[in-house]
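Summary of structural features
One-letter residues, chain by chain:
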Amino acid sequence: MTVPARMRVLFVCHRVPFPPKRGGKIRPFNIIRHLHSQGHAVTVASLARNEAELHEADGLGQHCSERLVEVVDDRVAWPRMVAWLPTTRPSSFGYFHSPRLKQRIDAVTRTQARDAATRSGAPWDLVFVHCSSVAPYVLDVPAALKIIDFGDMDSQKWREYSQHKPFPLSAGYWLEAVKLERTERLLAGQFDLATCTTRAEMESLRGLGASGPTDWFPNGVDAQFFEPATSAYEPDLVTFVGRMDYFPNQQAVKAFCADVLPELQRRRPGTRFEIVGADPSPEIRELARLPGVTVTGSVPDVRPYVTRAALTVAPLEIARGTQNKILESMAMGVPVVCSRQAVGGVDAVAGEHLLAYDTPAQLVEATLSILESAELRGRLAAAGRARVLSHHSWPASMRRVDTLIASQFERRAAA
């Protein structure tokens, strides 16, 4: 059985994947865009957090054949999450449960089934799910091939959260991790293929006891959009980029300001730290009171903030999957210093394409080494961009997706 020339594809994801400006939207958008560009008829089913995001889904129109989008009502979603706490179902799945979206998916599937009856085929050639929390929508949907892309293993992220949060939040995250581990293991066996963003995440999935085929394909970066600047950089500026309503990012910049920046400024007076990202909490905004610290809040375009920096840092203690902020900085020719946890999600060699550290003292030394050496900065800048072009381009990643889909069709044919 070969891949149909024009597949009927149902793509389900937990967030409207447009505009592709944040991690949870970038990966699914590029998969959808690629499948559509190959001539396949792609129906996208997704959830919007609010009416504004619902309208943003209109931008998907040129990248798919049909859109099924429903708004998550927080007044219902949050109580449902609480109600699911004493059950075996992950509470996070409760947030993304929309009876209306399920009805619409079933309705379009029935329409596809009537058309498929004349071809003696399944309603869908391919059902592709991005993020485990929306997998329940398609467990009973017939398809020739089903793929679930976990992206990152959420269970392991919640387990890490449980180690960094105070009680009773730690207990809640631990319970969610346990329930998710069981659910992820079961879901992997209910799809023809389960994928992740990195080899390490795939090994985590296998470690849970996943019984079905597993593989991975990397995140990419638009290296034409994120390209090096021609203007000079500021030699004393260190920058962090990321949404500031996200706990791992908050934890990272607070630790940098407390444990690293004072020593940097003692040894190199004039060192500045800029925190660039939307929705900073009051606690993060307070960091702007520290000498040399700027908190920008939301910006229309992160590129000028990155390219004017001497380097960017990703001092993350919790880092699952690929940090797009690292790839984007490397693509723009700005060196990156990141934690050992964060470097694991990037196909790059520490010391050659970026710098990695294990302790705050090592972070200080790595940062200073770039601030004080234009030669080292230039070498890392060139090597980092070259690595992104060779290992993290979206076209290369999508060729891998094509190969995975083809191999699964072949496996089904041989069964």
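Because the structure is predicted, anything quoted here is derived from the model rather than measured.

Thresholds, definitions, all that
Residues numbered from 1 in each chain as written. Predicted model: local features only at pLDDT ≥ 70, side-chain atom pairs only at ≥ 80, totals over all residues. Heavy atoms only, no water. Helix = DSSP H or I, 4+ residues; strand = E, 2+ residues; numbered from the N terminus. Rg over C-alpha atoms; globule rule 2.2 N^0.38 Å. Buried < 20%, exposed > 50% of the residue type's maximum accessible area, 1.4 Å probe, protein only. Contact = heavy atoms within 4.5 Å. Areas by Shrake-Rupley, 256 points an atom, 1.4 Å probe, with all protein chains shown as cover. Pairing = 2+ DSSP bridges. Axes fitted to C-alpha atoms, helices over the stretch in contact; angles between N-to-C directions.

Attention now goes to the overall build of the chain. Assigned secondary structure in the chain consists of 17 helices and 13 strands. Taking 2.2 N^0.38 as the reference for a compact globule, 415 residues should give roughly 22 Å; the C-alpha atoms of the chain span a radius of gyration of 22 Å, in line with that estimate. The 415 residues of the chain split such that 55% are buried. Partitioning the contacts of the chain with sequence separation of at least 6, the portion at a separation of at least 24 is 68%. For the chain, the accessible surface area stands at approximately 17,600 Å², while carbon and sulfur atoms represent 53% of it.

Time to look at the side chain of Lys179. Mapped onto the elements, Lys179 comes out in helix α7 (residues 169–190). Contact partners of Lys179, with chain neighbours within four places excluded, come to Trp84, Leu85, Thr87, Thr88, Arg89, Pro90 and Ser91.

Ordered by their spatial adjacency, 6 strands build an open sheet running β10-β9-β8-β11-β12-β13, and the pairing between neighbours is parallel. Edge strands, defined here as strands with exactly one partner in the open sheet, are β10 (293–297) and β13 (355–357). Each strand of the sheet is rotated relative to its neighbour by a mean of 25°, with strand direction disregarded. Here helix α13 (residues 324–331) sits on the sheet in contact with β8 (234–241), β11 (309–314) and β12 (336–339), set at roughly 160° to β12.

What follows deals with the pairing of strand β9 (residues 272–276). Counting buried positions over the 5 residues of β9 gives 4, a clear majority of the element. Both β8 and β9 contribute to a ladder of 5 bridges, which runs parallel. Of the residues in β9, the one forming a bridge with Thr239 is Glu274. As paired strands, β9 and β10 are joined by 4 bridges and run parallel to one another.

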